[in-house]
Amino acid sequence: MSSVTTGRITDKQPIIGGESNNAYIYRDPSKKGKWFLYFINKETKQRHRFLLRHSDGRYPDQTSKGIDEANRLALEKYVELRTRTDRGEVIRKISLDEMCNQFLEKESNSIRHTPREGITPARFRLIKNQTRHFLDYCSNKDFGCGYKLTKAVHTVRRSFLDRYQSYRENTTNQKDKRGRQLPRPHTINGELSTIKRLFREIALAKGYITRDQLPETPKIKIGKLAIQDTRRQSFTADEWVKVERAARLYWTQGLSRYNKDGSDRGYIPLKKGVNKGKPSKQLDLRNNLYGVNKSKGSKTSTRAQHQLDHRKMIYLAARISMESGIRIGSLRKMRWSDIKPNKTLAIEDQKTWVIIEVPEANTKTGRFYEISAPIAKYLEQLRYITKGKSNDLIFKNQTTGKPMSNRIWTDGLYEMLVESGLATWAPQDNNNCRQIETISGKTFSWYSFRHTFITFALDRGVPITTVCNNCDTSIKYVQEHYFHYDARKATEALSTGRRRPYNSAMSDNWMIDQYVEEEPQQRTAD
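Residues numbered from 1 in each chain as written. Predicted model: local features only at pLDDT ≥ 70, side-chain atom pairs only at ≥ 80, totals over all residues. Heavy atoms only, no water.

### Digging into the overall build of the protein chain
No. 1: Each helix and strand counted, the protein chain has 15 helices and 15 strands in total.
No. 2: Carbon and sulfur atoms form 49% of the exposed surface of the protein chain, whose accessible area is close to 32,100 Å². (Helix = DSSP H or I, 4+ residues; strand = E, 2+ residues; numbered from the N terminus. Areas by Shrake-Rupley, 256 points an atom, 1.4 Å probe, with all protein chains shown as cover.)

In C-alpha cells, the structure reads:
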C-alpha cells in the first residue's frame, strides 16, 4: 500500500506492542472520519491498511471520541494478523478458484496473432484446459483432494499434488491404440508445469504465500518405453519405396487396390500360358474417385478433380519432406516467395536444387533458416496443379483457396499408408475420423518423413553439423534420437585427409587436409 499522506491522518495513536512494525491507528477525514489500522510487515516489507469496524458492520465513533473503541478493535486485528504471519501465513487470502481466474485473465491478455509476440489462441485453450483439470483435481473427492474451490491457497498442503498423476489416469480411464495409459507422462508434466506457474505468478508474486509455501511439484518419470523413439517413427528404405510407388503409380491416379468394403482386390489373373488363371504381378485396381477417369457414359466432377489434385499435392509434399527434412508445420505455411534459386551452383544443377527460406514465423524455434534441397521438379508439378502466384501458399485447398485442412493432410497420409500395405483401416475407422493400424506397430505421421530424411542423411555420411543446420535442430537432439556412433565403421571417416596410413614414423604432413594444397618447397642455392 502507498504511504498515507499527512493531510489524511488525524488522531494518530501507536498500538501498544506494535512499535517494531510501526503500527498505529488514525482517522481519515477524507473517508468521513473513519478509523484505520496501519502497520508494516517487516518480513515481507509490505505496508497494510485496514478499515476498522465491528463484526456487525458498525464503525467506531467517527470523531475523536471513538479513539478508545478504535484502539480495542485495532489491537484485536493486529494480534490476529501477527499470529497469522508468525505461522507463516499471509495477511491477504486468495482462493484456489480466484487464483485460476486471475491467471487465465493474465494469460488471455497475452494472446497475440503476430508470431513470437505472445501466446496463440490455441495455446490459451490448452492452458485453460490444464487449469480446468487442476480445479477438478482439487474438488474431486474420489481420486483428488476433495477441497472446496473457495479454500485459501496458503492452507493447502505442500504435497497435495502427489496424487495428480493417479487422478488423471483414473478419471481419463483410456488407453491409446498401442495399449499405453492415457494421458501420457509428458502430457501430465505439461499440466504440472502450468500448475507451478499458477502458484508462482499469482499466489507468490502477489504475496498470498511465501516461497516456503510453494507446493512441491512432482516430476512424472518417463521410462524408456514411454519415450517417443523417433527411429520407430521413421520409414525403412523398403517401407519408403512401397509408399512412394503406391502413391505415384495409382493412388494419385484416383485408383485403389481395395473394394468399398475394405477387402483387398488382389492381382489380375493371367489370361494366357501355362499359369493361366493364377495371379499375375499386376494389381487389380478400381476407380474410387468417380468422375475423374473419363470413359464412355461417365460424367466429369469438379469436386472429384479437386480431390485428385489434393492427392497429387499430398504425394509431392511427402517427396519434398523426404528430400528436405522440413517440419510439417513449416511445409504447410510455405509460399512460392520462399523458394529461391541457388545461384552458387552450375546452371544445370539449379534445375534440381533450390533454397527454401523458412521465416521466423513459420519455425518451431523462432529462428530464420535456409534449406538446400533437390526438389525443383516437384515444385514445377505443384505450380502446374495450383497455378500459384508469388505470395500464394503452395499447399492450398483447390476448392476454397484456403490452406489445406488437417483432414486433407491426415486422410491423405493414411490412405497412402493403407494403399502401400503398411497399414490397415482400424475397426473404429469412419469417414469423420479416419484411423489406421500399422502392420509394423510403428506410429507413422507427417514427422516420419523428417525423421527418415535425417536418418538416411546420417547413414549416407552427411556431416551431422550439415544435417542439423539444414533441419534447424541441435546436434544434441540428433545424437540422442538418430545418431549412434559405431567405432568399427568409423575408420574410413577418420582417415579422411590423411595422405598415407600411419605406420611407424610420423611426418610433417601425415594429417594435412586433402583439400589444402601443399606450399611449394623453396629451392636452396647450390
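### Re the sheet that holds strand β3 (residues 34-41)
No. 1: Strand order in the open sheet formed by four strands is β1-β2-β3-β4, and the pairing between neighbours is antiparallel. On the outer flanks of this sheet lie β1 (10-14) and β4 (46-51), each paired with one strand and no other. Each adjacent strand pair in this sheet contributes to an overall mean axis angle of 25°, direction not counted.
No. 2: Here β3 runs beside β4; their pairing, made up of six bridges, is antiparallel. Its bridge partner being in β4, L37 is matched across the sheet by F50. (Pairing = 2+ DSSP bridges. Axes fitted to C-alpha atoms, helices over the stretch in contact; angles between N-to-C directions.)

### Describing the sheet that holds strand β13 (residues 369-373)
No. 1: Pairing is antiparallel in the open sheet, where three strands are placed in the order β11-β12-β13. Of all the strands in the sheet, just β11 (339-341) and β13 have a single pairing partner and so form its edges. Put simply, the sheet's adjacent strands are angled 30° from each other on average, direction ignored.
No. 2: Strand direction decides the pairing type here: strand β12 (residues 354-358) and β13, joined by five bridges, are antiparallel. Residue I356 lies in a different strand from β13, and its bridge partner there is I371.

### Brief notes about a positive patch on the surface
No. 1: A cluster of basic residues, K196, R200, R211 and K219, forms a positive patch at the surface.
No. 2: Here K196 shows up in helix α5 (residues 185-204). (Patch = residues over 30% accessible without salt bridge, like charges linked within 9 Å, V, L, I, M, F, W, Y side chains within 5 Å. Salt bridge = Lys/Arg side-chain N within 4 Å of Asp/Glu carboxyl O. Lys, Arg positive; Asp, Glu negative; His and termini not counted. Charge placed at Lys NZ, Arg CZ, Asp CG, Glu CD.)

### Brief notes about the nonpolar core
No. 1: The biggest cluster of nonpolar side chains holds 48 residues, and the ones touching the most others in it are L331, L379, L382, F395, W409, L417 and W446.
No. 2: Those elements that provide at least two residues to this core are α6 (237-249), α7 (302-324), α8 (328-332), β12, β13, α10 (376-386) and α11 (406-419).
No. 3: Looking at which element gives the most residues to this core, the answer is α7, with eight residues.
No. 4: In this structure, V153, I202, A203 and L214 belong to the second largest nonpolar core, which totals 33 residues. (Core = buried A, V, L, I, M, F, W, Y, C linked by side-chain atoms within 4.5 Å. Buried < 20%, exposed > 50% of the residue type's maximum accessible area, 1.4 Å probe, protein only.)

### Some details on the side chain of S280
No. 1: Positionally, S280 belongs in strand β9 (residues 279-283).
No. 2: By relative accessible area, which is 17% here, S280 ends up buried.
No. 3: Here the side chain of S280 touches I268 through a polar contact of 2.5 Å, landing on its backbone oxygen.
No. 4: Here S280 is in contact with Y267, I268, P269 and L270, once residues within four sequence places are set aside. (Polar contact = N/O pair within 3.5 Å; in protein donor to acceptor, adjacent residues only side chain to side chain. Contact = heavy atoms within 4.5 Å.)

### Regarding the environment of G33
No. 1: Counting through the fold element by element, G33 comes out in the loop between β2 (24-28) and β3.
No. 2: The sequence separation of G33 and I9 amounts to 24 residues, and the corresponding C-alpha distance is 9.7 Å.
No. 3: Here G33 is in contact with R27, D28 and Q62, once residues within four sequence places are set aside.

### Some points on the packing of α7 against α11
Describing two packed helices takes the angle between their axes plus the distance from one axis to the other.
No. 1: Packing of α7 against α11 brings their axes to within 10 Å, and their N-to-C directions diverge by 80°. Regarding the angle of α7 to α11, the classification is roughly perpendicular. Between α7 and α11, the residues in contact are H310, R311, I314, Y315, A317 and A318 and I408, W409, G412, L413, E415 and M416, respectively.
No. 2: Looking at the contact of α7 with α11 residue by residue, the classes come out as eight nonpolar, two polar and two charged. (Parallel < 35°, antiparallel > 145°, perpendicular 65-115°, else oblique. Nonpolar A, V, L, I, M, F, W, Y, C, P; charged D, E, K, R; others polar.)

### Re the pattern of salt bridges
No. 1: Going through the model one piece at a time under the given rule, you end up with 21 salt bridges.
No. 2: Across the pair K106 and E201 runs a salt bridge whose closest N-O atoms are separated by 2.5 Å. Taken together, the residues span a long stretch of sequence, with K106 in helix α2 (residues 96-108) and E201 in helix α5 at a distance of 95 residues.
No. 3: With relative accessibility at 34%, the residue K106 sits in the partly exposed group.

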